Amino acid sequence: MSPDGVALPGAPATTPRLGRRIKQRRPWMLIAACFLLVGLSVTLWGKWVENRERADRLAAELKKVYFEAEKPRTEATVAKQRIA
């Protein structure tokens, strides 16, 4: 249709187009990408939790080792102070 309301030759009429409904297709690629993102997020979160717990255990073990290594040094310092 032209702006003055006269139908242009070769242009389809608007009334048959309104009667037809275009069936909407689902965006399967977008849905698959969302599922992939969810799967990756869950996997990475699980690995992060696992590594965080491991880091906490290692930090506790390191603190224990340092304490055990410092104990003889402290006892030696106390013994020197008694002698002096």
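Residues numbered from 1 in each chain as written. Predicted model: local features only at pLDDT ≥ 70, side-chain atom pairs only at ≥ 80, totals over all residues. Heavy atoms only, no water.

1. As for the overall build of the protein chain
Looking only at helices and strands, the protein chain features two helices and zero strands. Going through the 84 residues of the protein chain one by one, you find that 2% of them count as buried. Of the accessible surface of the protein chain, which amounts to about 8700 Å², a share of 65% is contributed by carbon and sulfur atoms. (Helix = DSSP H or I, 4+ residues; strand = E, 2+ residues; numbered from the N terminus. Buried < 20%, exposed > 50% of the residue type's maximum accessible area, 1.4 Å probe, protein only. Areas by Shrake-Rupley, 256 points an atom, 1.4 Å probe, with all protein chains shown as cover.)

2. A look at the pattern of salt bridges
Once the charged atoms of two side chains with opposite charge are near each other, the side chains can pair. Under the definition given, this model contains one salt bridge. Two residues, E70 and R73, come together in a salt bridge whose shortest N-O distance is 3.5 Å. Of this pair, E70 and R73 both sit in helix α2 (residues 28-83), separated by three residues, roughly a single helical turn. For E70, a relative accessible area of 35% translates into the label partly exposed. Judged by its relative accessible area of 55%, R73 falls in the exposed class. (Salt bridge = Lys/Arg side-chain N within 4 Å of Asp/Glu carboxyl O.)

3. Details of α2
Between the first and last C-alpha of α2 there are 82 Å, a value that for 56 residues agrees with the 82 Å anticipated at 1.5 Å per step. Its axis deflected by about 25 degrees at K71, α2 carries its strongest bend there, up to four residues before the proline P72. (Expected span 1.5 Å × (residues − 1). Bend = angle between axes of the 7 residues up to and from the residue.)

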